[in-house]
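# Fold and contact review
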Amino acid sequence: MCGIVGYVGKRNALPIVLEGLKRLEYRGYDSAGVVLWDGEEIKFEKTAGRVAALEKKISNKPWQGNLAIAHTRWATHGKPSDRNAHPHADCAQKIYVVHNGIVENYLEIREALTREGHVFKSDTDTEVLAHLIERPFLATSGPIALEDAVLDALRHVVGTFGLAVISKDDPQKIVAARRGSPLILGLGDGEYLAASDAAAIVEHTKNVIYLHDNEMALLTPQGLKIFNLSKKTLEKPVDTINWDISAAQKGGFAHFMKKEIFEGPAALENVLRGRLLEKDGVSKLGGLESVRDKLLNVKRILITACGTSYYAGLIGKYYFEEIAKVPASAEYASEFRYSNPVVDESAAVILISQSGETADTLEALREAKKHGALTLGIVNAVGSTIARESDAGIYNHAGPEIGVASTKAFISQLGALMLVALFLGRQRSKIPLNLGEKFVKELKGLPAKMEWILKKDEEIKKLAKKYLKHKNFLYLGRKYQFPVALEGALKLKEISYRHAEGYASGEMKHGPIALIDENFPTIVLATKDMVYEKIISNIEEIKARSGKILAVATEGDDRILKLVDDVIFIPQTLEMLAPILSIIPLQLFAYHTANLLGLDVDKPRNLAKSVTVE
Ligand code: M6R
């Protein structure tokens, strides 16, 4: 949930790590800090607030140095404040630590260290790391390498960490280590970087090494060494980042969220690229080849994920059942992991995650593996833990998603789920060639239809303005559009702080209808599909109670114009694919609502992009 970045090389490290921090701010933005070695001494500053507040605090300090580490925080232990901001130091103020993750046994360690005389200055779990690292230095007068002290400290830690450490007594190095929280290393020309995410590095180098759990790296001006926590040296492959810095910039848009909504058509094209065979009406998924036979034998599919990715999974459940005729279900990863799931070798468990690092989804993956299930990842972030630990899977290739509200990733996940369903459907001969061809053709034409909807941006902004005074919203949808209602409501609440409830429209009579009056508008997904008439009945019921209705409907549907207060039309498509279109107006509606309210769209309160803690 936090972001860390470190640099050692020939250039001034300060602007490099501060710029890197800004690119990691989506991971947490309640406080920030930096520590720099200027060749003679340690300089550090930290503050509650954003990276901009940190920059302001150091703006009159002419710091220069070739080595620095920095941090942007999402508070877990201890309020956001100057003293709880990272870096944290030992008693002697010689060792500085930035950390992402949770030291679960920190209270125990803190008590033991306090008895030994260590004095703590913050409420964080992280500070124990600095004092643990200090311990071997206190126990001997001889030289100790910083990496050995870090190794020693980590032996006491229960929990997760992606961390970077520097020391005044061993100043030409950064020690970085990982267990459960991501760390990527960048190899530049005579310079080395470490960060929570490639976005902080890609401007300087595209050559990267993904650190795995229980691995440690030593970054010095002379090079990079990697070893495990038993200090065995490891040779690791160098990967190449296949996108560039412009993908992590706003590119003329006011917010990342808006840019990413507008990248929806490209995200769909990218996930489909090279994976659709129109003449055979099927998908070709290299990532599933190694498990092709196993897949043929699975008797059921369980999809698990969190947040937006879970809602994509709810739609995926329909895809698998309808196209491949495999029994499927979807469950929150946070529930699945503690549910003693009844899964075994006969099941495939699909993990969906944009970041590939969500703690609950990762643990669900491990739980599924423990039970012998085949695990498949649908993941956007290349090299992420879920992608690596899954038996097989497919990447979304949607490019970095920076806005906290997930938008293009959802679209891309639906594309990926459809690809997997087509793969299974044809593999099991459950879908005739002509139907397969129809899907493939329609999928290929969807990006153009998405562009058509995006042109309604101004119209949707006007509607957001019209509904701005309302503080509560009901979102209704049925079958494929039910998860879209859930996702539309999630978008609105997470960035505009408006109360929004997503509901299956068939459930409206079982409770939520009591909420309806002229001040409680409903956003209804009323596209032309097999449940259209049912939705129309719901609309009538809402109208009879003076409820205001904004509908998302199929172009050419004149009937609906007479029934509702406002309509956003979307193009006709196959009903299974309609969510890929109908979510776009809801994303834009949420975006404009939050923006008109003057809220920070990309960094909503209390949230972080990647939830790597439970
Ligand atoms: O990275 P993941 O897809 O695993 O993230 C899952 C959720 O945390 C994420 O979708 C979250 O709900 C978003 N803020 C929704 O916009």
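That block above? That's the structure.
Report on the accompanying structure. Just so we're clear, the structure is a prediction, and the values are computed from it rather than from any experiment.

Calculation criteria
- Residues numbered from 1 in each chain as written.
- Predicted model: local features only at pLDDT ≥ 70, side-chain atom pairs only at ≥ 80, totals over all residues.
- Heavy atoms only, no water.
- Pairing = 2+ DSSP bridges.
- Helix = DSSP H or I, 4+ residues; strand = E, 2+ residues; numbered from the N terminus.
- Phe/Tyr/Trp six-rings, centres within 6.5 Å; stacked < 30°, edge-to-face > 60°.
- Buried < 20%, exposed > 50% of the residue type's maximum accessible area, 1.4 Å probe, protein only.
- Lys NZ or Arg CZ within 6 Å of the ring centre and 35° of its normal.
- Near = heavy atom within 4 Å.
- Polar contact = N/O pair within 3.5 Å; in protein donor to acceptor, adjacent residues only side chain to side chain.
- Areas by Shrake-Rupley, 256 points an atom, 1.4 Å probe, with all protein chains shown as cover.
- Nonpolar A, V, L, I, M, F, W, Y, C, P; charged D, E, K, R; others polar.
- Domains from an automatic or database assignment.

### What to know about the sheet that holds strand E10 (residues 192-195)
Read across the open sheet, the eight strands follow the order E3-E2-E4-E1-E10-E9-E11-E14; overall the sheet is antiparallel. Of all the strands in the sheet, just strand E3 (42-48) and strand E14 (239-240) have a single pairing partner and so form its edges. Note that strand E11 (residues 207-210) and E14 share two bridges and pair antiparallel. Note that in E14 the partner of Val208 across the bridge is Asp239.

### Topic: the packing of aromatic side chains
What the rule picks out here adds up to eight aromatic pairs. Plain terms: the ring middles of Tyr318 and Tyr480 are 5.4 Å apart, the flat faces sit at 75° to each other, and that makes the pair edge-to-face. Residue Tyr318 is located in helix H9 (residues 307-323), and its partner Tyr480 is located in the loop between strand E22 (472-477) and helix H16 (481-496); the two are separated by 162 residues in the primary sequence. Since its relative accessible area comes to 22%, Tyr318 is described here as partly exposed. One aromatic cluster is present, formed by Tyr310, Tyr311 and Tyr332 through successive ring pairs. If you follow Lys479 out to its NZ or CZ, it ends over the ring of Tyr318, 5.7 Å from the centre. Above the ring of Tyr532, the side-chain terminus of Lys528 is found at 5.1 Å from the ring centroid.

### A look at the site of the ligand
The environment of the ligand is made up of 14 residues, and the closest members are Ser309, Ser353, Ser355, Thr358 and Glu494. Ser353 is positioned such that a nitrogen or oxygen atom in its side chain is 2.6 Å from an oxygen atom of the ligand. A distance of 3.1 Å separates a nitrogen atom of the ligand from a polar backbone atom of Val404. Protein coverage of the free-state accessible area of the ligand, which is 410 Å², stands at 91%. Mapped onto the shell around the ligand, the elements with two or more residues apiece are H9 and H16. Grouping the amino acids of the shell around the ligand by side-chain chemistry returns four nonpolar, eight polar and two charged. Residue assignment places the shell around the ligand across two domains, with domain 2 (256-449) and domain 3 (457-596) each supplying three or more.

### Some thoughts on unusual backbone geometry
With omega at 10°, the peptide bond leading from His86 into Pro87 counts as cis. Of note, Pro87 is situated in the loop between strand E4 (67-73) and strand E5 (88-89). The phi angle at Asn340 is positive, at roughly 45°, despite the residue not being glycine. Phi at His397 takes a positive value of approximately 55°, unusual for a residue other than glycine. When you line up the elements, His397 lands in the loop between strand E21 (392-395) and helix H13 (408-427).

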